[in-house]
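Structural features, examined
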Amino acid sequence: MISPSSLIMAVDSTLSSAVGACVSENDAKALQFIEEMTKNVDSVQERILGEILSRNADTEYLKRFQLNGATDRDTFKSKVPVVTYEDLQPEIQRIANGDKSPILSSHPISEFLTSSGTSAGERKLMPTIHEELNRRQLLYSLLMPVMNLYVPGLDKGKGLYFLFIKAETKTPGGLLARPVLTSYYKSDHFKSRPYDPFNVYTSPNETILCPDSIQSMYAQMLCGLIMREEVLRVGAVFASGLLKAIRFLQVNWKQFAHDIETGTLNPKVTDPSVRECMSKILKPNPELAAFITKECSEENWECIITRIWPNTKYLDVIVTGAMAQYIPTLEYFSGGLPMACTMYASSECYFGLNLKPMCKPSEVSYTIMPNMAYFEFLPHDDSSAQDSSRDSPPRLVDLADLEVAKEYELIVTTYAGLCRYRVGDILRVTGFHNAAPQFRFIRRKNVLLSIDFDKTDESELQQAIENASVLLKEFNTSVVEYTSYADTKQIPGHYVIYWELFVKEAANAPTDEVLSQCCFQMEESLNVVYRQCRVADSIGPLEIRVVKNGTFEELMDYAISRGASINQYKVPRCVSFTPIMELLDSRVVSKHFSPALPHWTPERRR
């Protein structure tokens, strides 16, 4: 066993010796495991690929490429193609329909994890196997040992985390299809987890597992308020989720104060298991009720998190990628508390963790753990086409051979049967921990707009605008140009679409009602994840802002004045640069919002 002090230095050579003066035996084992994995990246990756290919050698998918039992990298790379979800959809659909033969995996597919990425308007179905829960649990077990190096005393209090399960369905073959975190929260790995003083939550399992998200939020917030002095960290999965919780407190603080003062739970919380567990926690406390009333009745909510939960040491939320847009709002509500992005994961695979969790959001880098899956990387260059071709396979780079400052698209091969699968994440190498590259998440490939779990790409936005434009035809009006941005100044955030219209007859221009219906039609045309978020109130009504004629010519002139080529200029379909936003907003002649929620019900898995 290596010493605690050398472990600290191994994780961060610049770490002050005063931090993490004592490392527990369990933490030391976890940190030593990280060191071993990151020192031997290439050999671990070679072993992982060998295990995957050996165990899945008799699957229909791998037999197709005539590996003939080979488990070496060269044979694998020369014979197995790089694929997208659409390439695998026929096999996935057969499994969903009940085919139990070894199509992708030699182990039975236990369920499907639904990805927030979309395909033809539906969530993607990612196959998984039972043992993946052990792999995910292993990564979770490494998070607190790293955090304990930076934030002492986390075992002396609790974490206020807003965690929720989401809708699940069954495929025609009877397999569950649900989000990866819903799968985890409903598993025995979570429900029967051993006691760990570093991982005690204010929310009882019953409140997290409540299928009604409003009742779940109400009970979890109420528990957090009751235990306010014990809370040492506040978090949610994504920054948007934590801001939604703050908004919920803004709207419902009077009911919370009443419940705490009287010791009685709001009758709108009807879930029996939630009511039972809350009966053991909720007792009359007029003093606490008065405090909540005083703090929440003020118009100024700056630093509300530290005012309500004064012992909070950090926020535990993902603020990378599209979530970075929420950083200023979180800083406002928290008084500038550190924001810890602890891990990097997706429905396809859990990847790795942040070994410097208390760094600034702009400096977050993740270290991929080489034992989680087999990883390859497609060099990413925006100036050239990167779509893989069966006739001309792309040159992929191994995990141990990446170069600092270069960007790559992540390709993964998993135990559950995904082989050389394009995840769609664009990553930049920022450095190394031992022999393991560290990555900054740059963005999802092709994603234009995102507020919460939603991801809208350019083709989908284009189709939505075309569908909405049909309503303008009877007015002899068309959309000349458009762009968009994700407005997160309000909670919840919403999509803003700028339209420049060509109206042939001013006397017959489309009315406000028609343009509002255009907003609604756009929402109806967007994917199921967007519509679910709208119904769940985590995204606000879509807005169309009509701008003056000639606005997009001004936009082009501005871009050219900053060095853009007039021959290569294309209207950006999503904008975020402040001067451009100011130019567009200064030309707005009318604003219109979707008047109703779009249609959404849990998808049927046909």
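Residues numbered from 1 in each chain as written. Predicted model: local features only at pLDDT ≥ 70, side-chain atom pairs only at ≥ 80, totals over all residues. Heavy atoms only, no water.

Some details on the overall build of the protein chain
This is how the line gets drawn: Labels follow the DSSP assignment, with helices taken as runs of H or I lasting at least four residues and strands as runs of E lasting at least two, numbered in each case from the N terminus. When we talk radius of gyration, it's over C-alpha atoms, and the globule rule is simply 2.2 Å times the number of residues to the 0.38. Exposure categories follow from relative accessible area, calculated using a 1.4 Å probe and restricted to protein chains: below 20% of the type maximum is buried, above 50% is exposed, and the middle band is partly exposed. Here, residues are in contact when the closest pair of their heavy atoms is within 4.5 Å. In this count, Lys and Arg are taken as positive residues and Asp and Glu as negative ones, while His and the chain termini are left out. Where a charge lies is defined by one atom per residue type: Lys uses NZ, Arg uses CZ, Asp uses CG and Glu uses CD.
Helix and strand counts for the protein chain come out as 21 helices and 22 strands. Scaling as 2.2 N^0.38, a compact globule of 606 residues should have a C-alpha radius of gyration of about 25 Å, and the protein chain matches this with 26 Å. Overall, the protein chain is about 80 × 75 × 50 Å in size when its C-alpha atoms are taken along their principal axes. A buried classification covers 53% of the 606 residues belonging to the protein chain. The long-range share in the protein chain, meaning contacts at least 24 apart out of those at least 6 apart in sequence, stands at 69%. Counting 63 positive and 75 negative side-chain charges, the protein chain places the averaged centre of each group 3 Å from the other.

Brief notes about the side chain of Ser183
For the record, the criterion: Polar contacts, as counted here, are pairs of nitrogen or oxygen atoms within 3.5 Å of one another; within protein the pair requires one atom able to donate a hydrogen and one able to accept it, and residues that are adjacent in sequence qualify only if both atoms are side-chain atoms.
Of note, Ser183 is situated in helix H8 (residues 180-185). Polar contacts involving the side chain of Ser183 include one to the side chain of Glu111, which spans 2.7 Å. Excluding its chain neighbours within four sequence positions, the residues that come into contact with Ser183 are Glu111, Leu113, Arg136 and Arg178.

Observations regarding empty space enclosed by the protein
Going by this rule: As defined here, a cavity is a set of points on a 1 Å grid over the protein atoms alone where a 1.4 Å probe fits but cannot get out. A pocket is an open set with protein on both sides within 12 Å along at least five of seven lines, and residues line them when an atom is within 4 Å of a point. Grid points are joined across faces, edges and corners, and a volume is the space filled by probe spheres set on the points. Note on residue categories: nonpolar means Ala, Val, Leu, Ile, Met, Phe, Trp, Tyr, Cys or Pro, charged means Asp, Glu, Lys or Arg, and polar means any other residue, Gly included.
Tallied over the full model, the rule gives three cavities of 30 Å³ or more. As for the second largest cavity, its lining consists of Leu113, Pro127, Thr128, Glu132, Arg136, Ser347, Glu348, Cys349, Tyr350, Thr414 and Ala416. In the lining of the second largest cavity, the residues fall into five nonpolar, three polar and three charged.

Description of helix H14 (residues 286-296)
The condition is simple: Taking the helix axis as origin, the arc is that swept by the directions to the C-beta atoms.
Listing the buried residues of H14 in full gives Leu288, Ala289, Ile292, Glu295 and Cys296. Axial view of H14: buried residues confined to an arc of 135 degrees, hence all on one face. Those residues of H14 hidden inside the fold are in contact with helix H11 (213-226), helix H12 (239-262) and helix H15 (304-308).

Section: the pattern of salt bridges
For clarity, the threshold we go by: A pairing counts as a salt bridge when a side-chain nitrogen of Lys or Arg comes within 4 Å of a carboxyl oxygen of Asp or Glu.
Counting across every chain of the model gives 34 salt bridges. The partner of Arg64 in a salt bridge is Glu60, and the shortest N-O contact between them spans 3.6 Å. By relative accessible area, which is 41% here, Arg64 ends up partly exposed. Using a relative accessible area of 30% as the deciding quantity, one classes Glu60 as partly exposed. Where Arg307 meets Glu298, a salt bridge forms, and the shortest distance between an N and an O atom there is 3.6 Å. It is possible to trace a salt-bridge network through shared partners that takes in Asp42, Arg73, Lys77, Glu376, Asp398 and Arg420.

Observations concerning the packing of aromatic side chains
Let me state the cut-off plainly: Aromatic rings from Phe, Tyr and Trp, taking only the six-membered ring of Trp, are treated as a pair when their centres fall within 6.5 Å; an angle between ring planes under 30 degrees marks them as stacked, one over 60 as edge-to-face, and anything in between as tilted. Both a distance and an angle decide whether a charge sits over a ring: NZ of Lys or CZ of Arg must be within 6 Å of the ring centre and within 35 degrees of the ring normal.
Across all of its chains, the model carries 21 aromatic pairs by this definition. A centroid spacing of 4.4 Å and a plane angle of 35 degrees characterise the contact between Tyr218 and Phe256, whose relative ring orientation is tilted. Of this pair, Tyr218 sits in helix H11 while Phe256 sits in helix H12, and the two are 38 residues apart along the sequence. The pair formed by Tyr218 and Phe256 is uniform in burial state, with each residue classed as buried. Taken together through their ring pairs, the aromatic side chains of Tyr140, Tyr184, Tyr185, Phe190 and Tyr350 make up a single cluster. Residue placement shows Arg135 over the ring face of Tyr415; its charged tip is 3.8 Å from the ring centre. For the cation-ring pair, Arg573 lies above Tyr482, with the distance from its terminal atom to the ring centre recorded as 4.1 Å.

Side note on the nonpolar core
To keep things clear, this is the line we draw: We call a set of buried Ala, Val, Leu, Ile, Met, Phe, Trp, Tyr and Cys residues a nonpolar core when their side-chain atoms join them within 4.5 Å. Per the annotation, domain bounds derive from an automatic or database assignment of domains.
Among the nonpolar cores identified, the biggest contains 173 residues, and Phe375, Phe377, Trp499 and Met522 are the most heavily contacted of them. Counting the residues that make up this core, at least three belong to each of domain 1 (152-312) and domain 2 (447-593). Membership of the second largest hydrophobic core comes to 12 residues, among which are Phe552, Leu555, Val571 and Val588.

Some remarks on the sheet that holds strand S22 (residues 588-593)
Condition: Should DSSP find at least two bridges between two strands, the strands are regarded as paired. Helix axes use the C-alpha atoms of the stretch in contact, all axes being lines fitted to C-alpha atoms, and the angles between their N-to-C directions lie in the range 0 to 180 degrees.
Spatial strand order, S19-S20-S21-S22: four strands in an open sheet with mixed pairing. Edge strands, defined here as strands with exactly one partner in the open sheet, are strand S19 (477-487) and S22. Across the sheet, the mean angle separating the axes of adjacent strands is 25 degrees when strand polarity is ignored.

Some remarks on the domain arrangement of the protein chain
Stated formally: As a working definition, buried area equals the accessible area (1.4 Å probe) given up by two parts on being put together, with both sides summed.
Examined at the domain level, the protein chain breaks down into domain 1 (152-312) and domain 2 (447-593). Summarising the inter-unit geometry, the C-alpha centres of domain 1 and domain 2 are found 36 Å apart. Listed as interface residues are six residues of domain 1 and, on the opposing side, seven residues of domain 2. Taking both sides of the interface into account, the surface hidden between domain 1 and domain 2 amounts to around 670 Å²; carbon and sulfur atoms contribute 63%. Here domain 1 is connected to domain 2 by two residue pairs in polar contact (both at pLDDT 80 or more). Taken together, the residues of the side of domain 1 that touches domain 2 break down into two nonpolar, one polar and three charged.

Here we look at the confidence of the model for the protein chain
This is how the line gets drawn: Confidence per residue, as judged by the predictor, is encoded in pLDDT with a range of 0 to 100.
With 91% of its residues at a pLDDT of at least 70, the protein chain reaches an overall mean of 89. Below a pLDDT of 50 lies the segment residues 1-8, which in the model reaches 14 contacts outside its immediate sequence neighbourhood of four places, other chains included. Long-range and interchain partners of residues 13-21, a stretch whose pLDDT sits below 50, account for 10 contacts in this model, where long-range means more than four residues apart.

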